[in-house]
Amino acid sequence: MPREERLPGMRVSRDGDIVRVVFDDEATRNALGGDALAALTQTISGIRPGDVLVLAGDGGSFTSGGDRRELAPRGTFEEQVTSLRAKAALVERIRALDAVSIAAIDGACVGLGVGLAAACTLRIASERAFLDTAYLRNGMSGDFGAAHLLGALVGRGTAADWLLRPRRIPADELVRRGFCQAQWPSTTFTLETSALAQELAAQSSVARQGIVGNLRDADRLDLTHALDAETRRHVLSKSSPREVLPAL
């Protein structure tokens, strides 16, 4: 049976190689305040190479973004910058994982949730999912890598449109623009995302790690150096399918 742990703003369970994080603060539509972000960071730090991480939300919302109760400025300008930058490092941690990460978006994905979802390897939408950057409407320019990550996924033009004309971007458009890879019915969404995680977990751990590494290298290496690393991973995956892939 999966082990489930209660953390601020979320439930976390592990079943073999599958780690499932469910945001569940119904009162705030799963807003993520400082305590919840710290808990999520703690959880991410415990993800093992080859794991499959699923981020999801209860109650018809992935996350409504940051907790509005914590928006009032605290401390000096530099203290505020330091605090927010430390929280935003969460998206770097997700991107750096040697694990497949899946954002299972059922309902609202707003504000910082855009960056969290965009940092994942895959994004799956339910039919009622929608994205809303919301920053400009609230007099803010954006955080948690929203512009950078959106631009890489959907192109700079679409990212600019979604950021400068904040509105509900429905599930079918999220799939059409390439932000999400699939759209599934809300009635079967949890079952289908669980089945996807199980399907991935049943495959070679080293192969999964290698594919994630190859995708990450595409963002930072030229083709020659990416081919060097890709070739080593490919040979290792054939000889050691159930071991931890060494750093390249």
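Residues numbered from 1 in each chain as written. Predicted model: local features only at pLDDT ≥ 70, side-chain atom pairs only at ≥ 80, totals over all residues. Heavy atoms only, no water.

An unreviewed UniProt entry lists the protein chain under the name 2-(1,2-epoxy-1,2-dihydrophenyl)acetyl-CoA isomerase, with Microbacterium resistens given as the organism.

Draft legend 1. Focus on the pairing of strand 1 (residues 3-7). Bridging between strand 1 and strand 2 (residues 10-15) involves five bridges; their strand directions are antiparallel. Considered in strand 2, the bridge of Arg3 is made with Arg14. Connecting strand 1 to the antiparallel partner strand 2 that follows it, the hairpin turn spans two residues, and Gly9 within it adopts a positive phi of roughly 75°. (Pairing = 2+ DSSP bridges. Helix = DSSP H or I, 4+ residues; strand = E, 2+ residues; numbered from the N terminus.)

Draft legend 2. Here's a closer look at the packing of helix 1 (residues 34-45) against helix 2 (residues 77-96). For the pair helix 1 and helix 2, interaxial distance at closest approach is 10 Å and the crossing angle is 25°. By the angle between their directions, the pair helix 1 and helix 2 is classed as roughly parallel. Considering the relative orientation of helix 1 and helix 2, their crossing is left-handed. Note on element contacts: helix 2 touches helix 1 through Lys87, Leu90, Arg93 and Ile94, opposite Gly34, Leu37, Leu40, Thr41, Ile44 and Ser45. Partitioned by chemical class, the residues of the contact of helix 1 with helix 2 number five nonpolar, three polar and two charged. (Axes fitted to C-alpha atoms, helices over the stretch in contact; angles between N-to-C directions. Parallel < 35°, antiparallel > 145°, perpendicular 65-115°, else oblique. Left-handed = near helix turned anticlockwise from the far one by under 90°. Contact = heavy atoms within 4.5 Å. Nonpolar A, V, L, I, M, F, W, Y, C, P; charged D, E, K, R; others polar.)

Draft legend 3. Representation of the sheet that holds strand 10 (residues 169-170). Read from one edge to the other, the open sheet built from four strands follows the order 5-7-9-10, with strand pairing classed as mixed. Since the sheet does not close on itself, it has two edges, and those belong to strand 5 (61-63) and strand 10, each with one partner. Of the strand pairs in this sheet, strand 9 (residues 130-132) and strand 10 are connected by two bridges, and their pairing is antiparallel. Of the residues in strand 10, the one forming a bridge with Phe130 is Pro170. Along the sheet, helix 3 (residues 112-119) contacts strand 5, strand 7 (108-110) and strand 9; its crossing angle with strand 7, the most-contacted strand, is approximately 100°.

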